[in-house]
Amino acid sequence: MGLGQLASRALLRSARLAASNPHHQFRRAIVTTPELHNSAESAAAEAHPEPDLPKRNPVAGARVHFPNPDDAIEVFVDGYPVKVPKGMTVLQACLMAGVDIPRFCYHDRLSIAGNCRMCLVEVEKSPKPVASCAMPALPGMKIKTATPLAKKAREGVMEFLLMNHPLDCPICDQGGECDLQDQSMAFGSDRGRFTETKRSVVDKNLGPLVKTVMTRCIQCTRCVRFASEIAGVQDLGVLGRGSGEEIGTYVERLMTSELSGNVIDICPVGALTSKPFAFKARNWELKGTESIDVTDAVGSNIRIDSRGPEVMRIVPRLNEDINEEWISDKTRFFYDGLKRQRLNDPMIRGADGRFKAVSWHDALAVVAEVIHKVKPEEIVGVAGKLSDAESMIALKDFLNRMGSENIWYEGNGPNPNADLRSGYIMNTSISGLEKADVFLLVGTQPRVEAAMVNARIRKTVIATNAKVGYVGPSADFNYDHEHLGTGPETLTELAEGRHPFYSALSNAKNPAIIVGAGIFGRKDKDAIFSVVDNIAKKINAVRPDWNGLNMLLLNAGQAAALDLGLVAESEKSIESAKFVYVMGADDENLDRVPDDAFVVYQGHHGDRSVYRANVILPASAFTEKEGTYANTEGCAQTTVPAVPTVGDSRDDWKIIRALSEVARVSLPYDNLSAIRSRIGTVAPNLLRVDEREPAAFSTSALRPEVKEKPDAAPFTTVVDNFYMTDSITRASKIMAQCSALLKK
Amino acid sequence: MASSVKYLRVPPNSASLAEARRRVFEFFKTACRSIPTIMEIYHLDDVVTPSQLRSIVASEIRKNAQVTSPKVIDMMLFKGTEELNLIVEHSKQRHHILGQYVLGREDSQDIGTKEQGSEFLKNFFRSNYF
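Conventions we followed
Residues numbered from 1 in each chain as written. Chains lettered and ligands numbered in written order. Predicted model: local features only at pLDDT ≥ 70, side-chain atom pairs only at ≥ 80, totals over all residues. Heavy atoms only, no water. Pairing = 2+ DSSP bridges. Helix = DSSP H or I, 4+ residues; strand = E, 2+ residues; numbered from the N terminus. Axes fitted to C-alpha atoms, helices over the stretch in contact; angles between N-to-C directions. Expected span 1.5 Å × (residues − 1). Buried < 20%, exposed > 50% of the residue type's maximum accessible area, 1.4 Å probe, protein only. Arc of directions from axis to C-beta. Contact = heavy atoms within 4.5 Å. Polar contact = N/O pair within 3.5 Å; in protein donor to acceptor, adjacent residues only side chain to side chain. UniProt positions renumbered as here; feature names shortened; annotations may be inferred. Phe/Tyr/Trp six-rings, centres within 6.5 Å; stacked < 30°, edge-to-face > 60°. Lys NZ or Arg CZ within 6 Å of the ring centre and 35° of its normal.

This part takes up the sheet that holds strand β16 (residues 407–409) of chain A. Residue and element names in this part refer to chain A. Taken together, the 7 strands give an open sheet; going across it, the order is β14-β13-β26-β25-β24-β15-β16, and neighbouring strands pair in mixed fashion. The open sheet is flanked by β14 (355–357) and β16, the only strands paired with a single partner. The average undirected angle you get between the axes of adjacent strands in this sheet is 20°. Where strand β13 (residues 347–349) meets β14, 3 bridges bridge the pair, whose relative direction is antiparallel.

What follows is the structure, encoded as structure tokens:
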């Protein structure tokens, strides 16, 4: 009441002001350049009335693809003619005409629900306003989006939505990026007529990642549709009807999807928000940095939101070719690991076995002294999962100058096929998987190894009923699949055409074989690859217009490491090593290193390998440096520093460059552009950032004949805990909670 | 803390370079005499020795060794005396002394004497951002 009176009084006063000063509203028309307003052009424009409407561009650069030119229909949006294919909705036609229709329930990548009614527009000859998201555009339709009727309809819908929405924007995490907030400012009424009490809804427990305040929910059902359509878990649903309608899990259970964090982004209100981010920051005080995720080999595009020196949250960035607009829970929530267990000072292990912080000067001097005391063949370098291309080339160049050829990337196994790029990248490309009609997954569990690739396969399976055959240990899939077998003998059967699934493969137009990188670790990998090559040849998976023979890599640096040729000269080098340079490799088994060997650990987290290290050189994490990473499809992308480095740490390649100078074998690059031109001489594809470079040749014809048969040993699970795969995620508290609660 | 230096004044201009030079030495002696007091009031025993402090004062003075104009020397002497007064009167706090006179210079001397590396290496030891 009080507020309303105040408002009306203010209105009255402004009205009186305007009345007392009749020239007030004309003041802006007084200009000093009258000739501009009466120029010849404006006169000409007045003379020809046809182009009276200023040109409008599609919203957000939207483009339309006409699968069949005959199907184009023309509709008029606010008088603008626009051509759209048959079957497009009125809302999409409006987008093409440059009009953004307000909406809550409609989402580009989800099915249409049409229950929020916010997208009402007026259509000529229609008795009522129509919900544009659910109404197909018809030829000659005259759509009006800004008429009094449409505005009134939106205002009414807004009033109904706000009836039961709590007024807690000041303590709501969505505040500032809330669709309801924005649209009520733009389209809502300036006062409400609702005087009864608001309804309240019990909050649901969806697990350690998603916080729910269900009273705020406006029942748009985006989250329900996301869970069932994209994530493939039937956990969320609508319960009750009318004013008793609620979103929830039917029974008391958690949401067990690796993509569950995306419901936070698609929720238009603050009903589903990030639990770790709750009450931590406001979105307008955050600095966004567009970067790349490094927790798996997909290289999802992310935005790192930071405040000062702290990463506050990670949200996805649109990239149709890689992650669309989703990211996995690991990508979204591992960032608290960046604050724990960090190495911040160079350290040397003293005689008592304890680490002592020293200056960079002393640490590098010690390392340089030791490396000159050992024989070249006793020097070994291991690059870790999260290494960028710059630091890997620097490490390789440095150790090569010291005379060693034993530098490898952890997890690649002995003698990886680094010769031909098509032998280790996803040749079909991630977005190309949508064209496949039969999948054969060999020893890979994409759901835990690369959640975004799995989402792509699922999308294809749902959209085109593509068949999936899987060879490997029993695994969790969120789409229909056939478990063909557990070991290489199933592959042999397929190659010889004896297996029932072979007919599906050979009848497929675009078959896609995806081989997991876990096979790299097997002794008989050459034999397995030759069997897979045989299958590919028989089913004609590699053609000029389609390359369906893929590797699915596991780690962010893996493709770049193979591009740069980080391949060890001998398999047993680590057992005889006297000097081991570990660049963030925490999953390499350092028990094999002799006791008298000198181990240098360069990295950002005090993880497994630090226990064996003699010297620690603190490096910066991917959020703090510029680094090039190639993802599993061979697309090079760069990270961008979002926050300053921790303590006295330095960028990886700078440490190696400085060490090389202290060791008197200076590397010839002093800055990023110089080191990148060095990368260009080895692997030019790593310099074409954000562009996918397909492999030039296919391997199958070029590989040497393999005589021996594959072992009978079945394939094993490579990633046993989706949430903790590298040093950052292992340091993360949220990831630890997730593994405790959600791991089955 | 009524010390003798509190009432020390720099008299009007020195007539010649020789006189200015003599005054510099007098100032240095005064400063050296107040070092025990300074050590005490700022609790500097655990970070620095009196002889180190003396050499710090000397290096501060030697920084301006190239100055030959008596007028300029007088002005700098005045400023030095003022600074000394502030220190002796405990107008400063411990971290002022440490930051200004004790800590930073050790590094800079270190880097100046120890390193013969390239520009990259010098920058590398200084910070990650260059």
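Here the narrative resumes.
Here we take up helix α5 (residues 148–163) of chain A. All names here are of chain A. For α5, with 16 residues, the first-to-last C-alpha span of 22 Å sits near the 22 Å given by 1.5 Å per residue. Buried residues of α5: A150, A153, R154, V157, M158 and L161, and no others. Down the axis of α5, the buried side of the element spans an arc of 135°, and every buried residue falls inside it. What points out from α5, more than 90 degrees from its buried face, is the exposed set P148, K152 and F160. At its buried positions, α5 is contacted by β3 (120–123), β5 (142–144) and α6 (179–187).

Time to look at the environment of R592 of chain A. Residue and element names in this part refer to chain A. With respect to the helices and strands, R592 occurs in the loop between β24 (579–583) and β25 (598–603). Residues R592 and R692, spaced 100 residues apart in sequence, show a C-alpha to C-alpha distance of 38 Å. Apart from residues lying up to four places away in sequence, R592 is in contact with I574 and E575. Among the polar contacts made by the side chain of R592, one reaches the side chain of E575 at a distance of 3.5 Å.

All names here are of chain A. Among the 6 residues of β25, 6 are classified as buried, and the element is accordingly described as predominantly covered. Side-chain alternation along β25 places F598, V600 and Q602 on one buried face and V599, Y601 and G603 on a second face that is also buried. In this sheet, β25 lies alongside β24 in parallel orientation, the contact comprising 5 bridges. The partner of Y581 across the bridge, within β25, is V600.

Those places that UniProt annotates as "domain: 4Fe-4S His(Cys)3-ligated-type" (unreviewed entry) correspond, in this numbering, to residues 149–188 of chain A. Within the segment residues 149–188 of chain A, helix and strand shares are 60% and 0% respectively, and the terminal C-alpha atoms sit 14 Å apart.

To continue, consider the packing of aromatic side chains. Scanning all chains against the criterion turns up 12 aromatic pairs over all chains. Taken together, a centroid distance of 6.0 Å and an interplanar angle of 40° make the contact between W653 of chain A and F120 of chain B tilted. Of the two residues, W653 of chain A is situated in helix α18 (residues 652–662) and F120 of chain B in helix α5 (residues 119–126); the pairing between them involves two chains. Look at W653 of chain A and you get buried, because its relative accessible area is 5%. Judged by centre distance (5.9 Å) and plane angle (70°), the rings of F124 of chain B and F125 of chain B are edge-to-face. Taking relative accessible area as the criterion, F124 of chain B reaches 0% and is therefore assigned buried. Note on F125 of chain B: relative accessible area 13%, which makes it buried. Ring pairing ties together the aromatic residues W360 and W653 of chain A together with F120, F124, F125 and F130 of chain B, which thus form one cluster. The ring of F130 of chain B has K654 of chain A sitting right over it, with the charged end atom 4.6 Å from the ring centre. Across from the ring centre of F120 of chain B, 4.4 Å away, lies the NZ or CZ of R657 of chain A, which sits over that ring.

All names here are of chain A. With respect to the helices and strands, the residue T89 is situated in the loop between β2 (80–85) and α4 (90–96). Assessed through its relative accessible area of 7%, T89 is described here as buried. If we ignore the near neighbours within four places in the chain, the residues touching T89 are I112, S132, C133, M135, P136 and A137.

The next point concerns the sheet that holds strand β10 (residues 287–292) of chain A. Backbone hydrogen bonds hold the strands of a sheet together, and the pairing may be parallel or antiparallel. Residues and elements named next belong to chain A. Pairing in this open sheet of 3 strands is antiparallel, and the strands run β10-β11-β12 from one edge to the other. Each having just a single partner strand, β10 and β12 (310–316) make up the two edges of the open sheet. Between one strand axis and the next, the sheet turns by 30° as a mean value, whatever way the strands run. Here 6 bridges tie strand β11 (residues 301–307) to β12, and the two strands are oriented antiparallel to one another. Residue pairing in the sheet places D305 in a bridge with R313 of β12.

This next bit is on the pairing of strand β17 (residues 438–442) of chain A. All names here are of chain A. Counting buried positions along β17 gives 5 out of 5 residues, so the element sits mostly inside the fold. Residues V438, L440 and V442 of β17 are buried on one face, and the alternating residues F439 and L441, pointing to the opposite face, are buried as well. Where β17 lies against strand β18 (residues 467–471), 5 bridges are found, and the strand directions are parallel. Note on β18: the bridge partner recorded for F439 is V468. Two elements, β17 and strand β20 (residues 511–516), share 5 bridges in a ladder whose sense is parallel.

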